[in-house]
Amino acid sequence: MIELTSTPMILVAILGTIGLILPLIYIAKNERGSNAFYATITFGALIASIGVVIFKILTDNVLPSALFSKDVLVDDTFGGFFAIALLIVAIFTTVGSYNYMKNKGNPAVYYSLILLSTIGMVLIAYSTDLVMLFVAWELMSIPTYVLVGYIKKDPSSNEAALKYFLFGALASAIIIYGISIAYGLTGSTNISEVIHGFAVLDANMVPLALLSIGLFIAGFGFKMGLVPFHMWLPDAYEGAPPTIAALLAAGTKKAGFAATIRVIVLGTVALNMDWTFALGIIAVMTMTIGNIAAIMQKNLARIFAYSSIGHAGYILIGISIAPFSDIGIQASLFHILNHAVMKGAAFIAVAGIIIALGTSSLDKIKGLGRRMPITALGLVISLLALAGVPPLNGFWSKLMLFGAALDAGPVAPWAPWLAIAGVLNSALSLAYYAWIIRKMYFEGETEKRISEPKSVIAVMIFSIIFIVGIGIFPDPIIQFAGTAAPTISLSASP
Amino acid sequence: MGNELIDFVIVSVALLAIGIYGLSVKRNAIRMLFAIEIIINAANLNLVAFGRFIPHSGGQTLALFSIAIAAAEVAVGLSLIIVAYRMYKNIDIADFRSLKG
Amino acid sequence: MSVIAPKFRFSEFLKSLTDNIFWIIVILTLIGLPIIMIALFFIPMPVYEGELINPFLAFTWMFHPELALPLVKALLVTDMFRIIVFPGFGFAALLAASVIFIERKMLAKLQLRVGPFYCGKVEGILQLMGDGLKLMTKEIIIPAKADKPIFILSPLLFLGAAAAFVALIPVAPGWVVADIDLGLIAVFAVIGFFPIITVLAAWSANSKYPFIGGIRALFQMVSFEIPLILSLLGVVILTGTLNLSEIVQSQASFPWILFLPIGAIVFFIAMLAELERIPFDLPEAESEIVAGWLTEFSGMMYGLVQLGSYVKLYAFAALFVVVFLGGWTGPMIFPPLEEELILEGKTIGPITIQTPGLPIFSMEFFSGVIWFILKTAVVIFFILLPRGVFPRVRIDLLLDLGWFKLIGLTFVNIFIALALLYAGVFGPGGML
Amino acid sequence: MVDAAFLALSVITIGSAIAALELRSLIYGSIALMGTLGGVAGFFLLLDSPFVALFQIAVYVGSIAVLILFTVMLVKRELIFKKIEDPKRKWAGIGLMLIFMVAIGAIILDSGLKSVTTDEPPVDFREIGDDFLTYYWPALILMALILAGSVTGALVLARREDEISG
């Protein structure tokens, strides 16, 4: 049995209690309390939990790397890494909502759902059992269905939520079908036992195991926005409240990668299957289609949605070459953290623009650099980081990814092509990022400065510091990602 | 046991295929929900069948989890459909066209 | 002077009479007897004095009472008897029918009225039969735009669900139609069918009052199911079983209502709401929405729904008795039959009583059933009583009660049960 | 070999699954969906898992079917009977279904599952309770959070804001 003092259980305790108490306060209080009140409580809870995670990691109370256990959860560095990234995203969302949700109604449930969803995301990264993974996956998904449709008066929000819900429910149905086959083949739901079971499977059962892995890829792929499964994603991100879009793009998508690394990568390795090539093809398709589609969009939120599809492709490069290169997973993890911050900041900036201007259409943001200087600066920095311009953090992680792809070249001859595709795509993406920057700074007449939402400014300042800071001193985070990355070669021979 | 595992699995696959057909053809939000329910039931049938033939209690436990989760999912989905119906007076998702690109 | 039949001729009357008798005999012989025979073949027949008693000896049974007793005994243990007659539907329907009459009479007494009076010489005792005949002969009217299949089937389904509920209730040790390990869960599963049937019936009538009533019934039943289920959890925690018979056996020395009064009260209130009884009879509020979801039902369809709802009332009362009042447990009412009466017969004065094959029932069984019926009658009395006393509550007050107050109380109840368990009063090492 | 109960159940389950999607009226579709769910519960009984079967009936029929029926009934009467579909899409869908069925069916028939039978006694439902409280207890906590979140979320969404009550 996992101890109550391990990190995931503490996180569940803190966030879950606060998440359940918020609606109760809302019911019990007469004057209902303001948005700020609930936002503050949520912020406090999230800060406390991120403090717990960092404290636990710094005091070496955590098992190294990604491990498996005989239990449903394991308190390892891999989970801790994702917990930090996802909690940062949740904090961004909460702080951004401080201004965005003003006078939108029902603040308590909104923050409570954010907390619940955060628990789900974090526990996906910690879970070592398929049941736990599935339950955490649902805990992540179900609140976000509600959150995307939270603005009931807005048809686009509701439409987005409905599409997101239908695809999300399909994804979870597919995942549970995959789990059922994996369970049937191995007689256990514990991931390590499943993998060991897969490794000693009879030859005539292997196609079923492949089917199960395929279903997992499809199910997780829906959340990650991999290309055959990405059609819901732009609609959902555009229609959702931008703060929630930040949570989706930067949070749930990363949790999907956590699940992928925990299940698929190790499962395929155990099956001794060359799935890497298929994943590589998906990676290239994902980033190419994402970036090409992004060029044609007229709306900031939609551009970022497609750009996040593209980034899913970059991250997948590292995962697909994991067996051939030592730094593949490490690079992916580093990019996951960076992308979480960059995309989170970009969407929060969109939220700020929507608060101030009422729209996120590309035509309406002319001259934003003079009207909302800090928001625009934050947006520009995160855009440049997304494009991979040195010396920002996105540059280092992309460099690592492409380096890993080149590094795998001797073993897998197709791997360098991934790097080439990635570089070409980065150049392509720079085009539309530059287009946005041009709109903001070089178009439109000089207009008066309008007041910027304070909470958005706070997020912007933090993210600028983070992006530039890591851009200048990337080493500690790379080290951290290295300790968190699972060692693939060991688990290949169980 | 007169029945073999393969029989149950075949029924489950048939249900899965019907669910996928429903999701790809129907454009009525409620019918799509039906299709998803059918897929989840197919998975549950698989789980319980495997659990019976191993035999192991984990399959039934996971099926219970999945049934409860399906209930939660349906509650949220139907409330979204109700909100959509209030707004559009329609439940056909092909008619929801505020998002394009 | 009005004439009932203007062209009345005695000869024609006689002819019609003989015609009827002839057809009845023909139909019985051609259809009835084979059905009876086939049914008898599926019932395992007893062996008496080395000879299998088969259906072809039917006339022999009539003249040899000593053959009839083992036959009756053999019939009593068949599944068909259990389902149709004793712990099953017939018993419940009889009780339910008498509840209908008692309710009318009792309410009348409470309100200083007379109540049913004329039909039958004594206190209108035959009123129910008259009502039944009236309902059966009335025309069944189906609204023109109704969804006919659902509309026609729903009363039957309602009655069927109520009968399924009855089938799960143990009346005496071993006397239950379906004795399953998960009896309580099965009860919840059956209870879950009622709101669906109700709302389908309401919708299919395609009329506004039934629909309003049906939606009210849906809200009410679904939201009170939660406290209903949670209130039984305390007993499950203490007994550690879901089998209703085992729950009764666990109360051999004391009923659970002594230890879990809060659970019993919550269960009782939720039961009233599930049964749509006053003060929670919003679905049928006759002064607001005609007769709620029953508005469009007529004739025997109405009769079936009424019968179903009273069977359901009996079943709920019986469930309360089983879970909280100790079911059939209680001191023996009758002394057990004397040994010699059973074995060799007994001479009382001039008569010698010889009863081969007796007793059909053991006296424990007899006293158990009587205790059960007595307790059920008391519970039914308390279910009926509020109708004469309380006004109807408003729907939002009702839902507020269900969601906030009752659910809170059920948790108190569960904590009491847990406290009793961990304090060692019950459970391993405790009193049980 | 399969027995009669199995055959009847599979006919009911698969037939009503198709009916749920294809019947013109949504109400009848919901009733057919209940048939599918009930049929699956019957399979659970055949598989000696009465607890899951009863739980399935209690949850699916008691809550999910009620919710679905309630939503369908809120919808305008014409919409219940309206059926919109594109014939081309429909044929494509049927093709997809057949491909799926044949592909997965072939994989399964080809594998070693074909000869799996068991004579071992079924799992007692008390073991499920043990599982819940020992190995899976964190998942149980998360399950509680899921239910709480979905209930509050659904309430907030479905509530009408324009009414007066607080």
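For every chain, the first residue of the written sequence is number 1, and numbering continues from 1 along that sequence. In the order they appear in the text, chains get letters beginning with A and ligands get numbers beginning with 1. Thresholds applied to this predicted model are a pLDDT of at least 70 for local features of residues and 80 or more for the giving and counting of side-chain atom pairs; totals over whole chains, interfaces and linings are not thresholded and use all residues. To obtain the side-chain values, all non-hydrogen atoms of the structure were used and water was disregarded.

A. Looking closely at the overall build of chain C. Helix and strand counts for chain C stand at 16 helices and four strands. Categorising residues by exposure relies on relative accessible area from a 1.4 Å probe, with only protein chains included: less than 20% of the type maximum marks a residue as buried, more than 50% marks it as exposed, and the intermediate range marks it as partly exposed. Residues classed as buried in chain C amount to 45% of the 432 residues present. Within chain C, contacts between residues separated by at least 24 positions form 76% of all contacts whose residues are at least 6 apart in sequence. For helices the rule is a DSSP run of H or I covering at least 4 residues; for strands it is a run of E covering at least 2, with both sets numbered from the N terminus onward. Two residues qualify as a contact provided that any one of their heavy atoms is within 4.5 Å of a heavy atom in the partner residue.

B. Looking closely at the interface of chain D and chain B. Residue-level contacts link 85 residues of chain D with 71 residues of chain B. For any pair of parts, buried area is found by adding up, for both, the accessible area (1.4 Å probe) each one loses once the two are put together. Together, the buried faces of chain D and chain B total about 7,200 Å²; carbon and sulfur atoms form 74% of this surface. Salt bridge, as applied in this entry: a Lys or Arg side-chain nitrogen positioned within 4 Å of an Asp or Glu carboxyl oxygen. Run the count over chain D and chain B and you get two salt bridges. A salt bridge links Glu22 of chain D to Lys26 of chain B, with the nearest nitrogen and oxygen atoms 3.3 Å apart. In terms of residue count, helix H3 (residues 50-74) of chain D provides more of the side of chain D that touches chain B than any other element does, 13 residues in total. Taken together, the residues of the side of chain D that touches chain B break down into 54 nonpolar, 15 polar and 16 charged. Classification convention: Asp, Glu, Lys, Arg as charged; Ala, Val, Leu, Ile, Met, Phe, Trp, Tyr, Cys, Pro as nonpolar; all other residues, Gly among them, as polar.

C. Broad picture of the packing of helix H2 (residues 29-53) of chain B against helix H3 (residues 58-88) of chain B. Residue and element names in this part refer to chain B. Lines fitted to C-alpha atoms define the axes here, with helix axes fitted over just the stretch in contact, and angles between the N-to-C directions of these axes take values from 0 to 180 degrees. The contact between H2 and H3 brings their axes to 9 Å, and the two run at 175°. With respect to their mutual orientation, H2 and H3 come out roughly antiparallel. Residues Ala29, Ile30, Leu33, Glu37, Ile40, Asn44, Leu47 and Val48 of H2 touch H3, and the partners they reach there are Gly59, Leu62, Ala63, Ser66, Ile67, Ala70, Glu73, Val74, Leu78 and Ile81. Residues of the contact of H2 with H3, tallied by class, amount to 13 nonpolar, three polar and two charged. Should an angle fall under 35 degrees it is called roughly parallel, over 145 degrees roughly antiparallel, and 65 to 115 degrees roughly perpendicular, with every other angle called oblique.

D. Focus on helix H10 (residues 208-239) of chain C. The end-to-end C-alpha separation of H10 of chain C is 47 Å, in line with the 46 Å expected for 32 residues at 1.5 Å each. Taken from the residues just after H10 of chain C, Gly240 of chain C is the one with a positive phi, measuring 70°. In a helix, the anticipated span is given by 1.5 Å times the number of residues less one.

E. Quick look at the nonpolar core. Residue types Ala, Val, Leu, Ile, Met, Phe, Trp, Tyr and Cys, when buried and joined through side-chain atoms within 4.5 Å, form a set referred to as a nonpolar core. Counting 405 residues, the largest nonpolar core has Phe220, Phe304 and Leu333 of chain A, Phe165 of chain C together with Leu142 of chain D as its most contacted members. When residues of this core are assigned to their parent elements, the largest contribution, 19 residues, is made by helix H6 (residues 155-186) of chain A. Ignoring sequence-local partners within four residues, the contact set of Leu333 of chain A consists of Phe78, Phe81, Phe82, Ile261, Ala481, Ala484 and Ala485 of chain A.

F. Seen up close, the interface of chain D and chain C. With 21 residues of chain D at the contact, the number on the chain C side is 23 residues. Ranking the residues of chain D by area buried against chain C places Leu54, Met73 and Arg77 of chain D at the top, with a combined share of 29%. Polar contact criterion, stated in full: a pair of N or O atoms within 3.5 Å, where within protein one must be able to donate a hydrogen and the other to accept it, and residues adjacent in sequence count only if both atoms are side-chain atoms. Put simply, chain D and chain C have one residue pair in polar contact (both at pLDDT 80 or more) between them. Those elements that place two or more of their residues in the side of chain D that touches chain C are helix H2 (26-46), H3 and helix H4 (77-81) of chain D. Per-element accounting of the side of chain D that touches chain C gives the leading share, 13 residues, to H3 of chain D. Grouping the amino acids of the side of chain D that touches chain C by side-chain chemistry returns 19 nonpolar, one polar and one charged.

G. Here's a closer look at the pattern of salt bridges. All names here are of chain A. Scanning the entire structure with this criterion turns up 13 salt bridges over all chains. A salt bridge links Asp76 to Arg262; its shortest N-O distance comes to 3.1 Å. Placement of Asp76 in the loop between helix H2 (35-58) and helix H3 (77-100) and of Arg262 in helix H10 (residues 242-270) is noted, with a sequence separation of 186 residues between them. Asp76 sits in the buried class, given a relative accessible area of 0%. Classification of Arg262 by relative accessible area gives buried; the value is 2%. Measuring nitrogen to oxygen at the nearest pair gives 2.5 Å for the salt bridge that ties Glu238 to Arg302. Note that Glu238 is positioned in helix H9 (residues 233-239) and Arg302 in helix H12 (residues 300-320), a separation of 64 residues in sequence. Taken together, the salt bridges that share partners define one network made up of Glu159, Lys163, Asp235, Glu238 and Arg302.

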